[in-house]
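Fold and geometry: a report
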Amino acid sequence: MADDHAGGDSGASDTVPVQAGALKKNAYAVLKGFPCKIVDYSTSKTGKHGHAKANITGIDIFTGKKYEDICPTSHNMQQPIVTRKDFQLVDIDDDGFVSVMDDKSEMRSDLRINPDEDELHKGIKKDFDDDKDLLVTVLGAMGTEKIVACKEINT
């Protein structure tokens, strides 16, 4: 009976709750629904009847857009679970999809680069076309993944 189970994810969340007062600069937080790296964090004092407030400014880790949020320091905010993994670049097809291999020699072909809009991706395409061996870093959070860094492998 257990063999016909179709599978699925573990049900684990993409985010974890964290108290707004516990966040720090360079930490990650979900601002306006987007995973962001905090670039500015300040707190304001309590008002006559209120809570201390945290003023949080963050940069979206995928698009670079700036988001701001204000939240009482005693309330919970969401913090994205961010993963960073290195892969060796194997191939780039005509549609911009890349084939990469991890350190366990497992292949993936579901990542895409956009050389027309992203300078890093343009450099990756150029270096790959010049037959350089490249190691790409993939950042993942909240169901989205993007190649965010690249370095040449010295063989």
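This section reports on the structure supplied with the text. (Residues numbered from 1 in each chain as written. Predicted model: local features only at pLDDT ≥ 70, side-chain atom pairs only at ≥ 80, totals over all residues. Heavy atoms only, no water.)

**Description of the overall build of the chain**
When helices and strands are tallied, the chain shows one helix and 11 strands. For 155 residues, the compact-globule formula gives about 15 Å, and the C-alpha radius of gyration of the chain, at 20 Å, lies well above that figure. Along the longest, intermediate and shortest principal axes, the C-alpha atoms of the chain span 65 × 50 × 25 Å. By the burial criterion, 31% of the 155 residues in the chain qualify as buried. As displayed, the chain has an accessible area near 10100 Å², and 47% of this comes from carbon and sulfur atoms. (Helix = DSSP H or I, 4+ residues; strand = E, 2+ residues; numbered from the N terminus. Rg over C-alpha atoms; globule rule 2.2 N^0.38 Å. Buried < 20%, exposed > 50% of the residue type's maximum accessible area, 1.4 Å probe, protein only. Areas by Shrake-Rupley, 256 points an atom, 1.4 Å probe, with all protein chains shown as cover.)

**Description of the side chain of Ser99**
Take Ser99: it is sitting in strand β8 (residues 97-101). Discounting chain neighbours no more than four positions away, the residues touching Ser99 are Gln88, Leu89, Val90, Asp91, Met107, Arg108 and Ser109. (Contact = heavy atoms within 4.5 Å.)

**Structural notes on the environment of Asp118**
When you line up the elements, Asp118 lands in the loop between β9 (107-112) and α1 (119-129). A C-alpha to C-alpha distance of 19 Å links Asp118 and Phe87, two positions 31 residues apart in sequence.

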